[in-house]
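Coordinate inspection notes
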Amino acid sequence: MPLGGILILMTRVFKTRHFQRWARKKGLTDAVLRRAVEEMASGLIDADLGGGVVKKRTGLTGRGKRGGVRTLVATNRDDRWFFMFGFEKNERDNIDDEELEALKDHAADWLACTAAQLDEAVADGALLEIADDSRSQTQKSHHGSRA
């Protein structure tokens, strides 16, 4: 679908500072997160938790999705994706209702931001943006090599 490629190129993907620290410890790369966004954009979401928050299973190198991590992402399902929280399935089954409500509040705040406000949040270090060019490089050099 030709428009799909154009929409993905316009998509902005972010990580909160908290998520970045956690992802680095788990070895969760930007390329893997970009691939997860591509899957979610095509409808492959594990759970819609409401309030703009979705859950997505994401594989870790050598472990696949079953042995991987669960990520909670704020999204408008169009052009904005914010990786906000993650956990390993063997660490916990899910988040509790209080944590979910807090995530929904944060999701609403991030999703309401203008492009200029998002740029400012990146400049201040509150958000880290996963650049399109890293996704494009990965797609060009590894297309079809991932299972």
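Below or above, wherever it landed, is the structure these notes cover. In this text the structure is predicted, and so the values were computed from the model without any measurement.

Attention shifts here to helix H4 (residues 97–112). When the terminal C-alpha atoms of H4 are compared, their 23 Å separation across 16 residues agrees well with the 22 Å that a helix rising 1.5 Å per residue should span. Within H4, the full set of buried residues consists of Leu-100, Leu-103, Ala-107 and Trp-110. Looking straight down H4, one finds that the buried residues subtend no more than 85° of arc, so they occupy a single side. Of the exposed residues in H4, those oriented more than 90 degrees away from the buried face are Asp-97, Glu-98, Asp-105, Asp-109 and Ala-112. Its side-chain oxygen placed 3.1 Å from the backbone nitrogen of Glu-98, Asp-96 serves as the N-cap of H4.

Attention now goes to the packing of aromatic side chains. Two measures describe an aromatic ring pair: the distance that separates the ring centres and the angle between the ring planes. A complete count under the given rule lists five aromatic pairs for this structure. Both rings, one in Phe-14 and one in Phe-82, keep their centres 5.0 Å apart while their planes meet at 15°; by these two values the pair is stacked. Taken together, the residues Phe-14 in strand S1 (residues 12–16) and Phe-82 in strand S5 (residues 80–88) connect sequence positions 68 residues apart. Residues Phe-14 and Phe-82 agree in their burial class; the two are buried. Measuring from ring centre to ring centre gives 5.4 Å for Phe-19 and Trp-22, while their planes differ by 55°; the resulting arrangement is tilted. Placement of the pair is Phe-19 and Trp-22 together in helix H2 (residues 17–26), with a separation of three residues, close to one helical turn. For Phe-19, a relative accessible area of 0% gives the class buried.

For Phe-82, a relative accessible area of 0% corresponds to the buried category. Phe-82 sits 68 residues away from Phe-14 along the chain, and the two C-alpha atoms are 4.7 Å apart. Aside from chain neighbours lying at most four places away, what touches Phe-82 is Phe-14, Leu-72, Val-73, Ala-74, Trp-110, Leu-111, Leu-118 and Leu-127.

Quick notes on the rules
Residues numbered from 1 in each chain as written. Predicted model: local features only at pLDDT ≥ 70, side-chain atom pairs only at ≥ 80, totals over all residues. Heavy atoms only, no water. Helix = DSSP H or I, 4+ residues; strand = E, 2+ residues; numbered from the N terminus. Expected span 1.5 Å × (residues − 1). Buried < 20%, exposed > 50% of the residue type's maximum accessible area, 1.4 Å probe, protein only. Arc of directions from axis to C-beta. Polar contact = N/O pair within 3.5 Å; in protein donor to acceptor, adjacent residues only side chain to side chain. Phe/Tyr/Trp six-rings, centres within 6.5 Å; stacked < 30°, edge-to-face > 60°. Contact = heavy atoms within 4.5 Å.

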